[in-house]
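Geometric and topological summary
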Amino acid sequence: MLWNALLLALREIRRNLMRASLTVLGIIIGVAAVITMVTLGNGATALITAQVASLGSNLVIVRPGQRMSPGQPAGWAPAFKEEDMQAILEAVHAVREVAGIAQRGSTVAWMTESTFTPIVGSTPSYLEVGNWKIAEGRFFNDSEQRAGRALCVLGDTVKKALFSGSSPIGEKIRTRGVSCEVIGVLAPKGQSAMGQDQDDIVLMPLKAYQRRIAGRRSRQDVGTLLLSVRDGLSTERVVRDVSALMRERRGIAPNENDNFSVFDTRQISDALSSTTRVLTALLGAVAAVSLLVGGIGIMNIMLVSVTERTREIGTRLAIGALEREVLLQFLVEAVALSAFGGLVGIALALVASFGLTSAMGLPFVLDFQIMLLAFAVSAGIGVLFGFVPARRAARLDPIEALRHE
Amino acid sequence: MKETLISLREVTKTYGSGQAAFQALKGVSFDIAEGEFVAVMGPSGSGKSTVMNILGCLDVPTSGEYLFLGEHVELLNRDERALLRRHCLGFVFQGFNLLARTTALENVELPLLYRGLPLAERHAQAKAALALVGLTGWEHHTPAELSGGQQQRVAIARAIVTRPALLLADEPTGNLDSERSAEIMQLLTGLNQEHGITVLMVTHEPDMAAYASRTLRFVDGLIGHDTAYVGAD
């Protein structure tokens, strides 16, 4: 009986191909919109995850002050000291290396070129902890750092801004009245998860930064501590241990809140991807509205079709069609239309999301689940919005229907 | 002795209720035997359409009995009556009622589709029925490509393709000129005489009724005249 209904429905769709294609347009657009939105959202999530991973997956970050949460002022918190770095290395065995960084924005210039960029004072361990690679030249070493020599390593963006094509190695750049020799260039990293250009950076030894770049008051201060955790060891454990250590070192009473925060990159990536997931769901929901509109379009056309085909329905009933056979025919017709729309919509979504992700520089992440879901929903819409017209057709009085003009 | 196909006993039909009630049939009784060709005549409002709808199992009598091959049709529900139509009845309408944009062959196949016949059988039987009404070679034409007479032939083929016990024709020549009408009537007569199909035809044209072997004339919801009894005298 179902097979028969399908046969009848397909014949009917074939008879009215033009109208059928216009009817399914709504479903096509709806399904395509939902899948495209979700694919773009997934691409954004994947990109962010990848960018956070570029920070290093075994990274723990320690900053002064609390991350702001609702109803809590940021407040001022003391910076870290260089001794804190040593203390962490000694006390928390799982930490392989500690890099301290401090930074401030400044103008750097070479010949007639200049650019405004963050100047980051750091220890040699930052190269490894920060997951940086050297593209040209070298990084500064421990003795150079301790001596506070005025050396610097440029990010790719700064190198391009100041030196366009030529090699900067050995040249002297000026910043805040300090002349600084370029000894290396970092390999580009691209945008950070927050959308910052990570290559817009100038690195110099922390000692040199403290003496020459930072203001008088923060001479000995280290802004952020970056810890790299030994492979295979839990970063969560390090977060706990370092928190306890820093509370002790900063003399925080047991009933007081931390005046620093410790978090690992997974927490950042979780926070960011949960944001994009919410956005993805939101966009998907908006797109789903168009799917609903498509369903109403199908109902509309099916109702028109029932009225238009009243005599035909009367003929079918007179010939001996059962009520449920007529119901099934119209229902299958609606489902066939919407399911077909769903398939075309999926195809369209693949093309559209492939084009859009490559245009937006996002990775193309296919989600088969959402495609399956969109298809099921479109077929479900056929059932939902096809039922009322189908029942109307099935309940027609054959005598009245045959008399219908 | 031919077997009785249809038996109506004191059948009444009332439309509406209360003051607006209208009694279309006021107690009608008659039998139709297998192989008869009966014409039902009468002015409009005489009840001939109502009796046609009841005989076609599209409607049920308000009171009285309707036996079709011994079965009490007035006791059947909607689905059971649909199955009776599917298996025992064929309909020919004044307005042909063919499916538009559908070929003659597919139109004739339609009742077989509801009977659940496989494709090959459907094709063979539909082709045979079209051949019987003289439309071999026209199988793949849609109604729009056929003349009125040809469309009615397709409709007749659709009605007889299931080999019904009774063929009901409601003003089958109402939309045709006299030449086509005569062709259709000859076709119906041929089906009746050569293939033994029982035919009941509603018409208001005496010329068409003349092809029938028996005429029932309705007047005001009652049978005014039945030529079967004339013949019996």
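Residues numbered from 1 in each chain as written. Chains lettered and ligands numbered in written order. Predicted model: local features only at pLDDT ≥ 70, side-chain atom pairs only at ≥ 80, totals over all residues. Heavy atoms only, no water.

**Some details on the overall build of chain A**
What counts here: Secondary structure counts use DSSP, requiring at least four H or I residues in a row for a helix and at least two E residues in a row for a strand, with both numbered from the N terminus. Restricting the calculation to C-alpha atoms gives the radius of gyration, and the globule rule supplies 2.2 Å times the number of residues raised to the power 0.38. Think of it in three bands: residues with accessible area under 20% of the maximum for their type are buried, residues over 50% are exposed, and the middle band is partly exposed, with areas taken using a 1.4 Å probe on protein chains only.
Along the backbone of chain A there are 13 helices and 12 strands. In terms of overall dimensions, chain A is more spread out than a globule: its C-alpha atoms have a radius of gyration of 33 Å, far above the 22 Å expected for 405 residues. Seen along its three principal axes, the alpha-carbon backbone of chain A occupies a region of about 105 × 55 × 35 Å. Taken over 405 residues, chain A has a buried fraction of 49%.

**Topic: the confidence of the model for chain B**
As a reminder, the rule being used: Per-residue confidence from the predictor is reported as pLDDT, which spans 0 to 100.
The share of residues in chain B with pLDDT of 70 or more is 97%, and the mean pLDDT across the chain is 91. For this predicted complex, the interface confidence comes out at an ipTM of 0.92, alongside a pTM of 0.71.

**Some remarks on the interface of chain B and chain A**
For clarity, the threshold we go by: Pairs of residues are marked as contacts when any of their non-hydrogen atoms sit within 4.5 Å. In this description, buried area is defined as the sum, over both parts, of the accessible area (probe of 1.4 Å) that is lost when the two are combined. Think of a salt bridge as a Lys or Arg side-chain nitrogen and an Asp or Glu carboxyl oxygen that are within 4 Å of each other.
Taken together, the contact pairs 26 residues of chain B with 28 residues of chain A. Around 2500 Å² of area is buried between chain B and chain A when both sides are counted, 51% of it from carbon and sulfur atoms. If you look at where chain B meets chain A, you find 4 salt bridges. One salt bridge in this structure joins Glu 325 of chain A and Arg 86 of chain B, with 2.4 Å as the shortest N-O distance.

**Quick notes on unusual backbone geometry**
All names here are of chain B. A positive phi angle, near 50°, is found at Glu 10, a position not held by glycine. Along the polypeptide, Glu 10 turns up in strand β1 (residues 4–15). Accessibility expressed as a relative area gives 53% for Glu 10, which makes it exposed. Its identity is not glycine, yet Asn 97 carries a phi of approximately 55°, on the positive side. Along the chain, the position of Asn 97 falls in the loop between β6 (89–92) and α3 (104–115).

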